[in-house]
Amino acid sequence: MATGNTGFNKGDADHDTIKDSYNKVNSGSDLKSRAEQTLGMASAYMAFQKFQHKGGSQNELVAMAMSQAQRMYASHANNNSVNQQETLATAAQAAMKLFGSK
């Protein structure tokens, strides 16, 4: 599971915070600070957008978010300081939160 003490892992990330991460990634902003959380939440938001049109179970949304996180990690994590496991865990947690808010 993700282990940071801010943002999503502290429990204070909501739909808007997750969407803001998506916007940050898509604007090309610097991801040095809390990159795992930003990539994970952005991945979950992207998956959630597709999920809203397609529908399905919570497990399907989590799988979509984790798959998207793998792709985003590969394209944005150009150094070893970004933890892949934390990125995936954050994507799964954020996807569950989004599923609960639908």
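Below you will find a few notes about this structure. For every chain, the first residue of the written sequence is number 1, and numbering continues from 1 along that sequence. The predicted nature of this model means local features are confined to residues of pLDDT at least 70 and side-chain atom pairs, given and counted, to a pLDDT of 80 or more, with totals for whole chains, interfaces and linings taken over all residues. Side-chain numbers here rest on the full set of heavy atoms in the structure, without hydrogens or water.

1. Here we look at the packing of aromatic side chains
When we look at a pair of aromatic rings, we describe it by the centre distance and by the angle of the planes. The rule is short: rings of Phe, Tyr and Trp, with Trp giving its six-membered ring, pair when the centres are within 6.5 Å, and they are stacked under 30 degrees, edge-to-face over 60, tilted in between. If you walk through the whole model with that rule in mind, you get 2 aromatic pairs. The interplanar angle of 45 degrees and the centroid separation of 5.0 Å between the aromatic rings of Tyr 22 and Tyr 45 together place this pair among those described as tilted. Of the two residues, Tyr 22 sits in helix 1 (residues 15–26) while Tyr 45 sits in helix 2 (residues 35–54), which places them 23 residues apart along the sequence. The pair formed by Tyr 22 and Tyr 45 is uniform in burial state, with each residue classed as buried. Starting at the N terminus, helices and strands are each numbered in turn, a helix being any DSSP run of H or I of at least four residues and a strand any DSSP run of E of at least two. For every residue, the accessible area (1.4 Å probe, protein chains only) is compared with the maximum for its type, and the residue is labelled buried under 20%, exposed over 50%, or partly exposed between those bounds.

2. Notes on helix 2
Helix span is expected to be 1.5 Å times the residue number reduced by one. End to end, helix 2 covers 28 Å across 20 residues, agreeing with the expected 28 Å (1.5 Å per residue, within 8%). By the criterion of burial, helix 2 is predominantly enclosed, with 14 of the 20 residues buried. Of the residues one or two after helix 2, Gly 55 is the one with positive phi, at around 80 degrees.

3. A few points about helix 3 (residues 58–76)
Here helix 3 is 19 residues long and its end C-alpha atoms lie 26 Å apart, about the 27 Å a rise of 1.5 Å per residue gives. Here helix 3 has its buried residues at Leu 61, Val 62, Met 64, Ala 65, Gln 68, Ala 69, Met 72 and Tyr 73.

4. Points about the packing of helix 2 against helix 3
For the pair helix 2 and helix 3, interaxial distance at closest approach is 8 Å and the crossing angle is 135 degrees. Considering the angle they form, helix 2 stands oblique to helix 3. The hand of the helix 2/helix 3 crossing is right-handed. Along the contact surface, helix 2 presents Leu 39, Ala 42, Ser 43, Ala 44, Met 46, Ala 47, Phe 48, Lys 50, Phe 51 and Lys 54, while helix 3 presents Leu 61, Met 64, Ala 65, Gln 68, Ala 69, Arg 71, Met 72, Tyr 73 and His 76. Residue type decides the class: Asp, Glu, Lys and Arg count as charged, Ala, Val, Leu, Ile, Met, Phe, Trp, Tyr, Cys and Pro as nonpolar, and the leftover types, Gly among them, as polar. Class assignment of the residues belonging to the contact of helix 2 with helix 3 gives a composition of 13 nonpolar, 3 polar and 3 charged. What counts as an axis is a line fitted to C-alpha atoms, over the stretch in contact for a helix, and the angles between N-to-C directions run from 0 to 180 degrees. Roughly parallel covers angles under 35 degrees, roughly antiparallel covers those over 145, roughly perpendicular covers 65 to 115, and oblique covers all other angles. In this scheme the crossing of two helices becomes right-handed for a clockwise turn of the near helix relative to the far one and left-handed for an anticlockwise turn of less than a right angle. In this description, contact between two residues means that some pair of their heavy atoms is separated by no more than 4.5 Å.

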